[in-house]
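Commentary on secondary and tertiary structure
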Amino acid sequence: PLNISRESLQQNKILRVIKKNLVKKTIDLMSELAEDSEKFGKFYEQFGKNIKLGVHEDSQNRAKLSKFLRFHSTKSGETMTSLDDYVSRMPAEQA
């Protein structure tokens, strides 16, 4: 029988490399998807909670993941807007 402890898996260098590459590839694919707002909207409906959790838990990729967060605002109506878009529309006296 194959007995591997959880601790040995978590400390395995190969698995850390695999995780790093998976996260990098996922962020790249999400960047491509974010270019099409309709497709990204459908994606965000399904996986928005996971992106928010990633921002909270993954400190190394927090800045990259935060670009994918979407919020409701009064000017965006029913569609959700990114923080960068919101800040760009903000009046000068509000900043």
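Overview of the structure.

Conventions used here
- Positions within a chain are numbered from 1, following the residues in the order the chain's sequence is written.
- Only residues with pLDDT of at least 70 are given local features in this predicted model, and only at 80 or more are side-chain atom pairs given and counted; all residues enter the totals for whole chains, interfaces and linings.
- To get the side-chain values, all heavy atoms of the structure are used, and hydrogens and water are removed first.
- Strands here are runs of E lasting at least two residues and helices are runs of H or I lasting at least four, both read from the DSSP assignment and numbered beginning at the N terminus.
- Using a 1.4 Å probe on the protein chains alone, a residue whose accessible area is under 20% of its type maximum counts as buried, one over 50% counts as exposed, and one in between counts as partly exposed.
- We call two residues contacting when some pair of their heavy atoms lies within 4.5 Å.
- By convention a nonpolar core is built from buried Ala, Val, Leu, Ile, Met, Phe, Trp, Tyr and Cys residues, the set being connected through side-chain atoms within 4.5 Å.
- Interaxial angles span 0 to 180 degrees and are taken between N-to-C directions of axes, which are lines fitted to C-alpha atoms, for helices over the stretch in contact.
- Put simply, angles under 35 degrees are roughly parallel, angles over 145 are roughly antiparallel, angles from 65 to 115 are roughly perpendicular, and the rest are oblique.
- The nonpolar class holds Ala, Val, Leu, Ile, Met, Phe, Trp, Tyr, Cys and Pro. Asp, Glu, Lys and Arg form the charged class, and all remaining residues, Gly among them, are polar.

All right, on to the side chain of Asn61 then. Residue position: Asn61 is located in the loop between helix 3 (37-57) and helix 4 (62-66). The class of Asn61 is buried, set by a relative accessible area of 12%. If we ignore the near neighbours within four places in the chain, the residues touching Asn61 are Val23 and Ile27.

So, on to the nonpolar core. One finds Ile27, Met30, Phe40, Phe43, Tyr44, Ile51, Val55, Leu65, Phe68 and Leu69 forming the largest nonpolar core, which totals 10 residues. Of all the secondary-structure elements, those providing two or more residues to this core are helix 2 (13-34) and helix 3. Top contributing element to this core by residue count: helix 3, with 5 residues. If we ignore the near neighbours within four places in the chain, the residues touching Ile51 are Met30, Phe43, Tyr44, Leu65, Phe68 and Leu69.

Taken N-terminus to C-terminus, the directions of helix 2 and helix 3 make an angle of 140 degrees; their axes are 9 Å apart at the nearest point. Of the possible angle classes, the one that applies to helix 2 and helix 3 is oblique. For the pair formed by helix 2 and helix 3, the contact residues are Met30, Leu33 and Ala34 on the first element and Ser37, Lys39, Phe40, Phe43 and Ile51 on the second. Counted by class, the contact of helix 2 with helix 3 contains 6 nonpolar, 1 polar and 1 charged residues.

Spatial relationships are all this shows, so hold off on functional conclusions.
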